[in-house]
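Geometric and topological summary
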Amino acid sequence: MGMVPIRCFSCGKLLADKWNLFKSRVANGEDPAKVLDDLGIKRYCCRTVMLSTVEFIDDVIKYAIYRRRE
Amino acid sequence: MNLEVVEKTEDSLALIIHSLPLGLINAIRRIMIAEVPSMAIDDVLIVENSSFIYDEVLAHRLGLIPLITDLDSFVKPEDCDCGEPLGCGRCRAVLLLDVEAKDSIRVVYSSDLKPDPSNPTVRPVNPDIPIAKLAPGQRIKLEAYARLGVGLQHAKWQPVTVCYHRYIASITIHRDRCDGCGRCVDVCYRKVLALINGIVSPVNILECTLCNDCVTSCPRAAIEVRPEKDSFYLKFETTGSLPPQRIFEEALKILRAKASEFVSKLGGVER
């Protein structure tokens, strides 16, 4: 729910482990295509998953009611 | 039969196989995808999950995490005689997860999945896979049972991701007819051909997809492209659960077992 897919939908390659690096490098203004090349994501199925993922868990987490367990 | 290793990395293997029929190579490929066993989380007992990730989504995410597989010390649950609903030490591995976000947001990574001391070898291939994200005060506590399975049951048990074979091109250039115009070089989108001293030569033959664009672009019919007979290129990439050579070996073992089963069944047929 609202997080990166663990694997590529089409081929099954593990992608989630590369997500944080991809996200931070793209946020720093790097060209996503170059970052994907650097991370070894070659096929267009995997590249689509990385480019089109929108994480919305952070938006949901904002509405968590703070409840500390006793 | 002759085998040539083109490219070998930690998680992929590319081979050229000479003098072996396509059908046999395809059988090996299909067995690698669907019948070579590997480990994946199959049952999840959730003790507490107060996160925003639903139980079933969490279980699905856990299932897709590739695990380092120890094929020699585990058996498939259907081959085990323990009869336990959750299996025994021979047919399943336990992984434990207990993470609580205290005062700040906490991401649960695959490194938080702790292997049970009874089976330290079975663990996620990569420690950096995000599984869930917890708001302060939220907690996930669960027990995950990993089992051996095959791709036929569920894609999470596939030890390979991409796995394909293709023809190898054999490109003939008739030097008497080629005038070195370079049209075939420009039209080739895989950059297989190059002009060397005014004559077209194949420089990157493994990249050729036999699209025949070069043949149709040549006004003098100086180039011919044909698949090589009984030579094939086989490439596969693993999820990291097993080394590529091991997957190939296991596939061959399974193929051999199938063939000998076939022969033994044939023995019962009257000639």
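Residues numbered from 1 in each chain as written. Chains lettered and ligands numbered in written order. Predicted model: local features only at pLDDT ≥ 70, side-chain atom pairs only at ≥ 80, totals over all residues. Heavy atoms only, no water.

1. A short note on the nonpolar core
- In this structure, M32, I41 and L62 of chain B are the most contacted members of the largest nonpolar core, which totals 53 residues.
- Look past the residues within four positions of M32 of chain B in its chain and what remains in contact with it is P159, V160, C163, L234, F236, I247, F248 and A251 of chain B.
- Counting residues in hydrophobic clusters, the runner-up holds 15 residues, among them C8, C11 and V35 of chain A together with V162 of chain B. (Core = buried A, V, L, I, M, F, W, Y, C linked by side-chain atoms within 4.5 Å. Buried < 20%, exposed > 50% of the residue type's maximum accessible area, 1.4 Å probe, protein only. Contact = heavy atoms within 4.5 Å.)

2. Considering the environment of V160 of chain B
Residues and elements named next belong to chain B.
- With respect to the helices and strands, V160 occurs in strand 9 (residues 160-173).
- For V160, a relative accessible area of 1% gives the class buried.
- Once the C-alpha coordinates of V160 and I33 are considered, the two residues, 127 residues apart in sequence, prove to be 6.0 Å apart.
- Discounting chain neighbours no more than four positions away, the residues touching V160 are M32, I33, F236, E237, T238, T239 and I247. (Helix = DSSP H or I, 4+ residues; strand = E, 2+ residues; numbered from the N terminus.)

3. Regarding the interface of chain A and chain B
- Across the contact, 24 residues belong to chain A and 36 residues belong to chain B.
- Taking both partners together, chain A and chain B bury about 2700 Å²; carbon and sulfur atoms supply 57% of that area.
- On the surface where chain A and chain B come into contact, there are three salt bridges.
- A salt bridge links K13 of chain A to E237 of chain B, with the shortest nitrogen-to-oxygen separation between them at 3.9 Å.
- Our count for the chain A to chain B interface comes out at six residue pairs in polar contact (both at pLDDT 80 or more).
- Tallied by class, residues from the side of chain A that touches chain B come to 13 nonpolar, two polar and nine charged. (Buried area = accessible area lost by both parts, 1.4 Å probe. Salt bridge = Lys/Arg side-chain N within 4 Å of Asp/Glu carboxyl O. Polar contact = N/O pair within 3.5 Å; in protein donor to acceptor, adjacent residues only side chain to side chain. Nonpolar A, V, L, I, M, F, W, Y, C, P; charged D, E, K, R; others polar.)

4. Some thoughts on the state of the cysteines
- A full pass over the atoms with the stated rule returns zero disulfides over all chains.
- The cysteine C8 of chain A is free of any disulfide, with C45 of chain A supplying the nearest cysteine sulfur at 3.7 Å. (Disulfide = S-S within 2.5 Å.)

5. Quick look at the confidence of the model for chain B
- Confidence along chain B averages 93 in pLDDT terms, with 99% of residues attaining 70 or more.
- Of the two predicted TM-score estimates for the complex, the pTM is 0.89 and the ipTM is 0.90. (pLDDT = per-residue confidence, 0-100.)

6. Quick look at the sheet that holds strand 8 (residues 139-149) of chain B
Residues and elements named next belong to chain B.
- Strands sit in the order 3-8-4-6 across an open sheet of four strands; the sheet is antiparallel. Edge positions in the open sheet fall to strand 3 (38-49) and strand 6 (114-115), since each of these has one partner strand only.
- Two strands pair when backbone bridges link them, and strand 4 (residues 93-100) and strand 6 are joined in this way by two bridges, in the antiparallel orientation. If you follow L95 over to strand 6, its bridge partner there is P115. (Pairing = 2+ DSSP bridges.)

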